[in-house]
Amino acid sequence: MISDNELIEFAKGSTALYLNKRNVLVNGKKAKISAVPLKCGDKIMLPAKFFAESIGAEFIADGGKALMKKDGREICITENIGGTYYEDANKLCNTFGKYLHTENNGIIIYSDTDMSDKLDWRSNLKMMRKLSESYMFDDVSGKEIADKIISKNPNEKHPRIIMTGEKFAEIRAEINNPGGDRIYKLLFERLKKKADKYMSEKTSGYEIRDGIRLLYVCRENKERMMTLALIYNLTLDERYAMRAYMEMYVSACFVDWHPYHFLDVGEMAACMGICYDWLYNWMEPWQRKPIREAIVKNGICPIIDDFDDKPRNRSWNWRGELADNWCFVIGGVGVGAMAVVDELTGQDRINAERTMEQTLIDIRRALSLFAPNGGYEEGVIYWGLTMEFFTYYMKALLTSINEDFGYIDVPGMRNTNKFLFAMNGSVSIFNYHDAGRARTYIPPQSMFLADYFGKYEEAQPRINKILNNGEADVMDICLYEKKFSAETKRKSELNTYMPVAETVTMRTGWNKDDIYVGLHCDDPYGGPGHDHMDAGQFVIDALGENFFMDLGPDSYNLPKYHDTYHFRAEGHNTVVINPSMDYGQKFGGKASIEKYCFSDNGGYAIGNMTNAYDEAVSFRRGIMLNASDKTITLRDEINLKEESEILWSAHTCAEIETYGGGKKARLKLNGKTLYAEIINSGNAVFNTMAAKPLPTSPVVEGQDKNDGIQKLVIALKKCKKIDLTVVFSTEEEKSGSAKPLNEWET
């Protein structure tokens, strides 16, 4: 973990700002300015007086203009916005000999020396994250948050967490109006049907079903209590409130919320706090008491033990150096604290305030996982889990005190819906790493981001899910806004590169039958986290089918998870060199997208995987989509240290028929056919293999048998230099080119 002193040394002679924020970093130390940097057209405008102060220049304002002078250089400034003098950042830096670094995520840095090599997210990721985390957020104490909650919500006013009484009334009016909004009506109808079903279901009791987690129980109870509490507020039918309360009371009576696996505490504390808030006005004081006490005893008290690093038994040190989705989910305890803090006294009040303060601080490092441009390293399913609890917390802050303390507009967050949409193929998600397989996945939280950033068209994919797929979630009705429906067309890029996540996706369109191609080329697994040995993983959707897929995770409960087929390189659509007991790629190795190019006719991406293999002198993998020909070209250029055995694999649920002397293959899936052809490498031929561990691989009892899945393979022996090109097409007669990667163009 990078220290504050290391940051100060790194940032010496520089000033970092962020669009529309008052927080700045001057020589590595955080400060606050009175006017924010702005973007006006193509120009980034800096508050001139602050710029002058930061570089030691003289600033004289007089008669509708200002003069800035230093060392014989000067500039006259006439642009006045809201009473503050502003000047173009480029002009200021050029005039006074400063180097300017800007990013499309909002970061602005000017410096005495050229820092362009240092300010690189891929090569200097940890330092860039540290820099970003050091000045993005407003520092606020738990007591200040509590005081704001009380000031904005006098006399213990509820509801205030995610929803308000006014918002519930607005939605009730839409539902009861024959001409009311159709999305609200659809969601209400579906959620009420769920609530009616839950009325006769039993609550889930305390049960550690897999020997590790209470999580399954937490999620079942959460789904029931939140749906029932919502429907009560939309119907005012007390039967729903009573059944929701029964769910809450049972959960409150649990001996604990299983702090050994602290995600369970985060999920339960969040939903109990939300439902306590939503049912507050229905409950009598005697009904509130056991729920409030459970939030304190089972949520707030154990997290204080973690803050104080007291002796305790935990499955995972979620407050360690690795920041991940756990920080967001466990932030749910902060949401629970927000619901009850104004009723607490003494040490309970102090602990609740501390919980709100520290859970916000703890998500700072995890928010850097979205930087620089919205890609999320843990994969799209974990994006959804992260955004679920991030949205609970941020929406709760906005509805209760109308502030978010700078936690939403951070590097990458404005563009992270773009990542979500890019990871959704024509019929399946690109589920690299530990993301589970799914058809397509657009959760409700995408609407929260669309609303906050005023990009209402980004709500359309979720609305389409509601209209066309019959989906309905409690958070849909909380986050949907009528203004979204006015945006009828989403302007999305067909091709996307996400740095740090090192993922490229390309497509011929956004319809079910369009071709979709994904390439993932980030570092192989190198320690705690959700990475796999999957550098070079590719996926293909075509003709309405998922022809080549990522298998996703195996069971986390397996004792040797990192020896499983799903985790190892052989279980991915990549290359294994000299199969053995080893992972198939280098532990702690490096890989990245070194080049990409997009056009109206598709595009290509080239990944450098040299450092992912001990055996390689060089290894580059390229993938190209030709939209007009509807072909996908996959090329590997491999130079090895010595003659080796190579296994090229691609996993599919399709039936595979090889022909043409093994140079061609037909993949048939649900009546659709994708063609594959090897167009160079004289002795390379296609074969098929079961999606099972190789004879040289470790034995892991209980791992997935991968029934119904096989793989198209190319096995080569005694190879040292290989140039292998495989072309996939939806039409048999289509072929491709074996051009070297250095000659690729769109």
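Look up a bit, the structure's there.
This section reports on the structure supplied with the text.

A closer look at the sheet that holds strand β8 (residues 73-77)
So, point 1. Strand order across the open sheet formed by 3 strands is β6-β7-β8, with antiparallel pairing between neighbours. Each edge of the sheet is formed by a strand with only one pairing partner; in this case those strands are β6 (58-62) and β8. Between one strand axis and the next, the sheet turns by 15° as a mean value, whatever way the strands run.
So, point 2. Both strand β7 (residues 65-70) and β8 contribute to a ladder of 5 bridges, which runs antiparallel. By the bridge assignment for β8, leucine 67 is matched with cysteine 76.
So, point 3. Strands in contact with helix α2 (residues 48-55) are β6, β7 and β8; relative to β7, the strand with the most contacts, it is inclined by about 15°.

Notes on the packing of helix α11 (residues 285-307) against helix α13 (residues 332-340)
A pair of packed helices is captured by two measures, namely the crossing angle of their axes and the spacing between those axes.
So, point 1. Contact pair α11 / α13: the axes reach a minimum separation of 10 Å and the direction vectors enclose 140°. Considered as vectors, α11 and α13 are oriented oblique to each other. Crossing hand, α11 versus α13: left-handed. Residues Arg292, Ile295, Gly299, Ile300 and Ile303 of α11 pack against Val333, Gly336, Ala337 and Val340 of α13.
So, point 2. Here the contact of α11 with α13 is built from residues that sort into 6 nonpolar, 2 polar and 1 charged.

Considering helix α3 (residues 89-96)
So, point 1. Residues Ala89, Leu92, Cys93 and Phe96 constitute the buried set of α3. Within α3, the buried residues cover an arc of 95° as seen down the axis, which keeps them to one side.
So, point 2. If you check the start of α3, you find a side-chain oxygen 3.2 Å away from the backbone N of asparagine 90, and it comes from aspartate 88.

Things to note about the packing of aromatic side chains
So, point 1. Per the stated rule, a full pass over the model turns up 36 aromatic pairs.
So, point 2. Note that arginine 239 overlies the ring of tyrosine 240, its terminal NZ or CZ placed 5.8 Å from the centroid.
So, point 3. In this arrangement the basic side chain of arginine 507 is found over the ring face of tryptophan 510, its NZ or CZ atom lying 3.8 Å from the centre.

Some details on the nonpolar core
So, point 1. Counting residues in hydrophobic clusters, the biggest one holds 152 residues, and the most contacted among them are Met272, Trp278, Leu360, Leu367, Met394 and Ile477.
So, point 2. It is helix α15 (residues 380-401) that provides the largest number of residues to this core, a total of 13 residues.
So, point 3. Grouped together as the second largest cluster of nonpolar side chains are 50 residues, Cys521, Ala612, Tyr613 and Ile714 included.

Structural notes on the pattern of salt bridges
So, point 1. By the definition in use, this model includes 58 salt bridges.
So, point 2. Note that arginine 319 is salt-bridged to aspartate 362, the shortest N-O span being 3.0 Å. You can see arginine 319 sitting in the loop between α11 and α12 (325-330) and its partner aspartate 362 sitting in helix α14 (residues 346-367), a full 43 residues away along the chain.
So, point 3. Judged by its relative accessible area of 29%, arginine 319 is partly exposed.
So, point 4. Here aspartate 362 falls in the buried class, since its relative accessible area comes to 13%.
So, point 5. For the salt bridge of glutamate 458 with lysine 455, the shortest nitrogen-to-oxygen distance reads 3.5 Å. Across this residue pair, the class does not change: glutamate 458 and lysine 455 are buried.
So, point 6. Counted as one network, the salt bridges with shared partners bring together Glu594, Arg620, Arg635, Glu637, Lys721 and Asp723.

A few points about the sheet that holds strand β14 (residues 503-507)
So, point 1. The 5 strands lie next to each other as β13-β14-β15-β16-β17, forming an open sheet whose pairing is antiparallel. Pairing within the sheet leaves two strands with one partner each, and these edge strands are β13 (496-498) and β17 (545-548). Taking the axes of each pair of neighbouring strands and ignoring which way they run, one obtains an average angle of 15° across the sheet.
So, point 2. The pairing of strand β16 (residues 537-542) with β17 spans 3 bridges and is classified as antiparallel. When the sheet's bridge partners are listed, alanine 542 is paired in β17 with glutamate 545.

Definitions and cut-offs
- Residues numbered from 1 in each chain as written.
- Predicted model: local features only at pLDDT ≥ 70, side-chain atom pairs only at ≥ 80, totals over all residues.
- Heavy atoms only, no water.
- Pairing = 2+ DSSP bridges.
- Helix = DSSP H or I, 4+ residues; strand = E, 2+ residues; numbered from the N terminus.
- Axes fitted to C-alpha atoms, helices over the stretch in contact; angles between N-to-C directions.
- Contact = heavy atoms within 4.5 Å.
- Parallel < 35°, antiparallel > 145°, perpendicular 65-115°, else oblique.
- Left-handed = near helix turned anticlockwise from the far one by under 90°.
- Nonpolar A, V, L, I, M, F, W, Y, C, P; charged D, E, K, R; others polar.
- Buried < 20%, exposed > 50% of the residue type's maximum accessible area, 1.4 Å probe, protein only.
- Arc of directions from axis to C-beta.
- Polar contact = N/O pair within 3.5 Å; in protein donor to acceptor, adjacent residues only side chain to side chain.
- Phe/Tyr/Trp six-rings, centres within 6.5 Å; stacked < 30°, edge-to-face > 60°.
- Lys NZ or Arg CZ within 6 Å of the ring centre and 35° of its normal.
- Core = buried A, V, L, I, M, F, W, Y, C linked by side-chain atoms within 4.5 Å.
- Salt bridge = Lys/Arg side-chain N within 4 Å of Asp/Glu carboxyl O.

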